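# Report on the structure
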Amino acid sequence: MGSEPFTVVTADINGDGKLDLIAANFLSNNLTVVLGNGSGGFTATTGSPVAAGTNPFGIVAADLNGDGKIDLAVSNAGSNNVTVLLGNGTGALTAVTGSPFSAGSNPLAMALGDFNGDGYPDLAVPNYNGNNVTLLLGNGTGAFTAAASGPLGVGANPRTAVAGDFNGDGALDLVITNYGSNTVAVLLGNLSQTIAFSALPNLVYGAPPFTVIATASSGLLVSFSSLTSTVCSVSGATVTLLAAGTCTIQATQAGNSTYGAAPPINGSFTVTQANTRTVLSITPQTPTPAYGATLTLAASVADNTTGSTGTPTGTAQFAFSLDNGNTWTSLGSPVTLASGAAQLQTTALPAGTPLVKISYSGDGNFSASTATVIQPVNRTTLTVTGITASNKSYDGTTAAALNTSGAMLAGVLSGDSVSLGGTALGAFIDPNAGNGKTVTITGLTLAGSAAANYTLTQPAATAGIAQIGASVTPNAASKTYGTADPPLSGTLTGFLAADNVTATYTRTTGSTAGTYTISASLNPPGALANYSIAPNTASFLIARATPVVTWAAPAAIAYGGALGNGQLAATVGVPGTFAYTPVAGAVLPIGTNEILSVTFTPADTVDYNAASASTTITVNATTTSGAPANLVITRILTRSDGTISVQLTAANNGGTAAGNVVITSVTVGGVKAAPLPQTMGTIAAGTSAITTVTIPGTVGASGAASSLVVAGTWTGGTLSSSSRITLP
């Protein structure tokens, strides 16, 4: 056993036909369960001791859940409740769902009985410190609920309860021992009664109120209440439907001095949604509206159930289909019904023969319904603005270039996806030049998801065809005085080959040397209306003839001989005069290829040019055998990149060699040349040697007069030369 076992009861808890013992251990807060062997011996069952509440006191052993197996109810004096343990027929015990169940203060020994006549065992629990008795009514599953009437007052410190029919009326009574007042309280029970509910038929929302019928076995009047006040209400015995759903009516009979309260009984029935009828109309329908026109879609939704009088609420969704109802497109958002009607104004019905539908959503009381109408809609005509044709120059065709960058569709409804497609092609009414000519435009199409709702009018424009610039350009021509004219020609530019334009070229008359004008005339005149022609001219030059000067190279001469007719002997075939350089009588320096030049001036300077020619002559040194060396200095001056070069030739026209010839000084205009000295070596009789020095170009400008001074030595003598020069 446990600590301070207080109460013990017997029962066949494991169903073996032998009595077992169950003891309440007051201080260890549990129960000891020992199984009897039929010969007075006991063994603790599996799971013993079994937990209870605080200070377990009274024990009731009975079948509390109707499964034929012994269960236990234990009053817990310290925790003011009752623990219910369900047996499984083997001696094992498990607390029922909801256990423990509240009692009064310090519950002690309990009594078992069907106190409310519902066929299920109940418990009468005396509450020692509460001076009352709690009735715990069973529901047949092992669970208990305190009676709605509350605890029953008795004497002081009730301790033990006993149940029985003490007055012979067939109702179960209670006797309570009151430990504190030394009395016994007798509580007489009422007769039980039951309620029978008449069948409740299912109804459609909107049905009129009806009378519910239920009777009590006692013959007392039954009261009704609605347990589903949102679906139905009860006034007396009249039920009024408030909404679709499940309506549950509870029937009660409170009892009297003879009968206890009847167990409440519920009756339920289904309130189904009422059917609806939806009608759809569209205005205007004639004449057939164009896409984008405002159409009014009106729908009415009514109760279609016979005898119902309600008004549908909720929403209605308008939609359309272009494929006979296979797919639907919503028109706006759902519209809330007002007095069973919904209306929508829309411009979104597509072109064609859309099927328009109204879908009533239904509400809690009315079922959904639909209606459809076919509404023909014509396409809306669009125009195009902003396309211009470009002026062009005459090209012999009607093709017109278009500027479509500013092209805009006019008449597209806001929000529609429609754009211009295709390729715009422009054409003038004829290919000829002119202003303000009509250009027809073709090739435009419509694109975009809403294009099927529109038709397009092809636009037109105006533009000009300008004359194109063309030119005839004679080719310049020339001839030399005294020769025949060459054939004249020219270039035609800008004329179309198909127009077959040709030109004839002529020049102004004249035969003397000079410049004349070449011009052109074009044919045929009728082909020229599409051209702006520049009348170009060209020059025809009769150039002066240049006489041919013939001058054979003269034979070599000895140094010191003067130039004369033998050397200056140029000839020409026209009258005129000669000017020689050097002039007749000039003495040339020793050297080879000395240049002779001549300028011829014709007598007829209108038709002839001056002419010039040149040739060369060799001037040989003259030597005397055995005569001393004699050095003669000649020079050639040139200018290049700011520097003047002086080429000096020393010729020995003596009879003996000049040895160790050195140029020691060269000045031009007082400025020394470099590099110096210049060694020329030995110059044999009748030969020469050449050396070159340079002078800065800053010594003087080209063509300026200056002086050249040369000095030097050789074995046995000195040399010097001074002359006036013209700077190169």
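Please refer to the structure placed before this passage.
Residues numbered from 1 in each chain as written. Predicted model: local features only at pLDDT ≥ 70, side-chain atom pairs only at ≥ 80, totals over all residues. Heavy atoms only, no water.

### Some remarks on the environment of Pro-589
This is how it is decided: Helix and strand definitions here come from DSSP, where helices need a minimum of 4 consecutive H or I residues and strands a minimum of 2 consecutive E residues; each element is numbered from the N-terminal end. A simple rule labels every residue: compare its accessible area, found with a 1.4 Å probe on the protein chains alone, to the largest value its type can have, and call it buried under 20%, exposed over 50%, or partly exposed in between. For this analysis, residues touch if any pair of their heavy atoms sits within 4.5 Å.
Relative to the elements of secondary structure, Pro-589 occurs in the loop between β53 (576–581) and β54 (591–602). Residue class for Pro-589 comes out partly exposed when judged on its relative accessible area of 26%. Each C-alpha atom, one on Pro-589 and one on Arg-635, is 9.4 Å from the other, the two residues being 46 residues apart in sequence. Pro-589 has contacts with Tyr-559, Glu-594, Val-619 and Thr-634, leaving out every residue within four places of it along the chain.

### Some details on the packing of aromatic side chains
Formally: Under the pairing criterion, centres of Phe, Tyr and Trp rings, with the six-membered ring standing for Trp, must be within 6.5 Å; the plane angle then separates stacked pairs below 30 degrees from edge-to-face pairs above 60, leaving the rest tilted. Placement of a charge over a ring requires the Lys NZ or Arg CZ to be within 6 Å of the ring centre, with the centre-to-atom vector within 35 degrees of the ring normal.
With the rule as written, the count across this model stands at 14 aromatic pairs. On the basis of an interplanar angle of 45 degrees and a centroid distance of 6.0 Å, the ring pair of Phe-197 and Phe-224 is categorised as tilted. Separated by 27 residues along the polypeptide, Phe-197 in strand β19 (residues 195–197) and Phe-224 in strand β23 (residues 223–226) bring together distant segments of the chain. Through pairs of rings, three or more aromatic residues link up here, namely Trp-551, Phe-578, Tyr-580 and Phe-600. Positioned above the aromatic ring of Tyr-179 is the side chain of Arg-159, whose terminal nitrogen or guanidinium carbon lies 5.4 Å from the ring centre. Between Arg-507 and the ring centre of Tyr-516, over which it is positioned, the NZ or CZ distance is 5.1 Å.

### Concerning unusual backbone geometry
Residue Pro-49 is bonded to the preceding Ser-48 through a cis peptide linkage, with omega at 0 degrees. With omega at -5 degrees, the peptide bond leading from Thr-581 into Pro-582 counts as cis. Tracing the chain through its elements places Pro-582 in the loop between β53 and β54. With a phi angle near 65 degrees, Asn-106 is a residue other than glycine that sits in the positive phi range. Position of Asn-106 among the secondary structure elements: in the loop between β10 (101–102) and β11 (111–113). Overall, Asn-106 belongs to the buried group, its relative accessible area being 15%.

### Focus: the pattern of salt bridges
For clarity, the cut-off: Salt bridges are defined by distance alone: a side-chain nitrogen of Lys or Arg within 4 Å of a carboxyl oxygen of Asp or Glu.
In the structure shown here, the tally under the stated rule is 4 salt bridges. Note that Asp-485 is salt-bridged to Lys-479, the shortest N-O span being 2.9 Å. Accessibility expressed as a relative area gives 39% for Asp-485, which makes it partly exposed. Assessed through its relative accessible area of 14%, Lys-479 is described here as buried. Asp-485 serves as the salt-bridge partner of Arg-507, at 2.7 Å between the closest nitrogen and oxygen. Residue Arg-507 is found in strand β48 (residues 502–507), and its partner Asp-485 is found in the loop between β46 (477–480) and β47 (490–493); the two are separated by 22 residues along the sequence. A cluster of three or more residues bridged by salt bridges with shared partners is formed by Lys-479, Asp-485 and Arg-507.

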